[in-house]
Amino acid sequence: MFAQANWVCLLLAALLIAIPASGTRYQANWESLDARPLPTWYDEAKFGIFVHWGVFSVPGFESEWFWWHWQGQNPPDPKCVKYMLDNYPPGFSYPDFAPQFHAQFFDPDDWADIFEASGAKYVVLTAKHHEGFTTWPSSYSWNWNSVDTGPHRDLVGDLAEAVRNRSLHYGLYNSLYEWFNPLYLADKKNNFTTQDFVLKKLLPELYDMVLSYKPELIWSDGDWEAPDTYWNSTEFLAWLYNDSPVKDVIVTNDRWGAGCYCKHGGYYNCADKYTPGELPKHKWEKCQSVDTQSWGYRRTMRLSELMDLPSIVQDLVQTVAMGGNYLLNVGPTPDGMIPPVFEERLRGIGAWLEVNGEAIYSSKPWRLQTENATVPVWYTSKYSSVFAVFMTKPTVYTFHLSEPITAESTTVSGVEPIAAESTTVSGVEPITAESTTVSGVEPIAAESTTVSGVEPIAAESTTVSGVEPIAAESTTVSGVEPIAAESTTVSGVEPIAAESTTVSGVEPIAAESTTVSGVEPIAAESTTVSGVEPIAAESTTVSGVEPIAAESTTVSGVEPIAAESTTVSGVEPIAAESTTV
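No experiment lies behind these values; they were computed from the predicted model shown. Along each chain, residue indices are assigned from 1 in the same order as the chain's sequence is written. Note on the predicted model: pLDDT of at least 70 is required for a residue's local features to be given, and 80 or more for side-chain atom pairs to be given and counted; whole-chain, interface and lining totals, by contrast, use all residues. The side-chain numbers reported here are obtained from all heavy atoms of the structure, hydrogens and water having been left aside.

A. Main features of the pairing of strand 4 (residues 217-221). Exposure categories follow from relative accessible area, calculated using a 1.4 Å probe and restricted to protein chains: below 20% of the type maximum is buried, above 50% is exposed, and the middle band is partly exposed. Labels follow the DSSP assignment, with helices taken as runs of H or I lasting at least four residues and strands as runs of E lasting at least two, numbered in each case from the N terminus. Judged by how many residues are buried, strand 4 sits mostly within the fold: five of five residues are covered. Residue alternation in strand 4 divides its side chains into two sets, Leu217, Trp219 and Asp221 and Ile218 and Ser220, and both sets are buried. Criterion used throughout: strands pair if DSSP finds at least two bridges between them. Bridge count between strand 3 (residues 169-175) and strand 4: five bridges; the pairing is parallel. Looking at the pairing, Asn174 lines up with Ser220 of strand 4. As defined by bridge partners, strand 4 adjoins strand 5 (residues 251-252) across two bridges and the pair is classed as parallel.

Structural data, given as structure tokens:
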């Protein structure tokens, strides 16, 4: 009776007329609800962690659907039946697993540290899966929640505090239906013409969950057996968007009733592990699990069944390039530990994002998402910057990018390999183009130069800092190591040399149309040098040295980078228009 009274109060509160901070009041219909803009934090976050944890973690067999496979489907899964016969006494029921859900080693701060180290910006925990067990003290789930039995603690609340202390967004997964709830089964038997389960269990619990924990994301599931009108989804979402304490920040997915997938809601999940074939017009999310066979913990999982780190990175990059968010799942053990192999994967992707995160966070899909180049390339963009991510190293020392286009005003910074417009380079690491400003790179080369295996060289009208070898026109230099090209401005370097220059006793110098092999540095046009080892200049062919490149230059064996009027930093792979690398 008390629960029903509370429910009436909550329902009245949901019907009160109030004006949200945005000034827009959403009506309880899909046309109005679908017009609500998605809070910006979600699209900027890009990467989140999914956590499937519940009583299903105790048997840890097959998947989180163990109870259904054992006693729900017809016929039962013989593997699940055999597992119970071999390991548990006769008469052992699924609820008997709950007291074994101890979570005695659960440390929410340890979990939050791992999630933060992964580079994730939001975390989604199962508040209630299809088994109906809540990981918080729901008064509508008496004796079937984590406080009344099992851990005897509020798992949702404990993790919420730890996650938010690290400035991560916090979301909750909630299944609409419950496999064996008598109220739900009665409504189902009535072909969903009655709503006892919805009015007495589901909706009161949802309101209570939102008011108690103020999640910034609700990941709804278990909706497919009945239409949204049975679940009263539009009424709940109208309250959530208009009057709830999280109305301005809450994000929801699309699982609110049969037929809602990829059609209604906040962002779209469409299906588990959804991968679109073309750029979707609506914000979407791919949920993926490190354990490819299950979302929950499995005792029998094998290494070959887990996603390795390169596969996870590739999945993340492709998802973000196609405009999606990536929600990566791990299943903790019933005693509250994240298996070390899962932790290793999460920390590994965090290390990758620490270097390459600029190409991921707050990025937008570029005009072209991927290019079928010699090696797979995926593009993202941010403001005037374009990022290209190469998924594999080339099997040969030549590959081609045709889509990115560079201009004279292109700026490239903070990267190792860089290439110029229509540039082909062989055996080098870093390279730049005409009128390009580059900082934080080692090598730079000259106009119309073909070079293989050389180290440092600079281009026409190029400003370069922090390099060793570079030189200017009509300069006489002795006792230096490297040398560079015509009309070059260089600061912070050691060696210099140029047109019509005589140098003796130095290592690197070269003249026009000179062929040199086995050298390191390079110098200027029409230079006479004696007693030196390395040499190179305009229209010079050099081999056996390390880096060089410029406009209309041929380069191979580099990682590539640069784009139209683009500032690129912190990424390895990016290249220029019609660039062969």
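B. Structural view of the packing of helix 9 (residues 196-213) against helix 11 (residues 233-242). The contact between helix 9 and helix 11 brings their axes to 11 Å, and the two run at 15 degrees. Between helix 9 and helix 11, the crossing angle belongs to the class labelled roughly parallel. In terms of crossing hand, the pair formed by helix 9 and helix 11 is right-handed. Of the residues in helix 11, those touching helix 9 at Leu203, Leu206, Tyr207, Val210 and Leu211 are Glu235, Phe236, Trp239 and Leu240. Under the grouping applied here, Gly and all other residues not named as nonpolar or charged are polar, the nonpolar ones being Ala, Val, Leu, Ile, Met, Phe, Trp, Tyr, Cys and Pro and the charged ones Asp, Glu, Lys and Arg. Along the lines of polarity and charge, the residues of the contact of helix 9 with helix 11 split into eight nonpolar, no polar and one charged. The axes used here are C-alpha line fits, helices contributing only the stretch in contact, and every angle between their N-to-C directions lies in the interval 0 to 180 degrees. Note that the term roughly parallel is reserved for angles under 35 degrees, roughly antiparallel for angles over 145, roughly perpendicular for angles of 65 to 115, and oblique for everything else. Crossings are assigned a handedness: left-handed for a near helix turned anticlockwise from the far helix by less than a right angle, right-handed for a clockwise turn. Here, two residues are considered to be in contact whenever any of their heavy atoms come within 4.5 Å of each other.

C. Structural detail: empty space enclosed by the protein. Each cavity reported here is a set of points on a 1 Å grid over the protein atoms alone in which a 1.4 Å probe fits but cannot get out, each pocket an open set with protein on both sides within 12 Å along at least five of seven lines, and each lining residue one with an atom within 4 Å of a point. Grid points are joined across faces, edges and corners, and a volume is the space filled by probe spheres set on the points. For the coordinates displayed, the defined rule picks out two cavities of 30 Å³ or more. A volume near 40 Å³ is recorded for the largest cavity. Every residue lining the largest cavity is listed: Trp53, Gly54, Val55, Phe56, Thr126, Ala127, Lys128, His129, Glu131, Phe133 and Thr135. Of the residues assigned to the lining of the largest cavity, the class counts are five nonpolar, four polar and two charged. Its volume calculated, the second largest cavity comes out at about 30 Å³. Every residue lining the second largest cavity is listed: Leu176, Leu202, Leu203, Leu206, Trp231, Ser233, Phe236 and Trp256.

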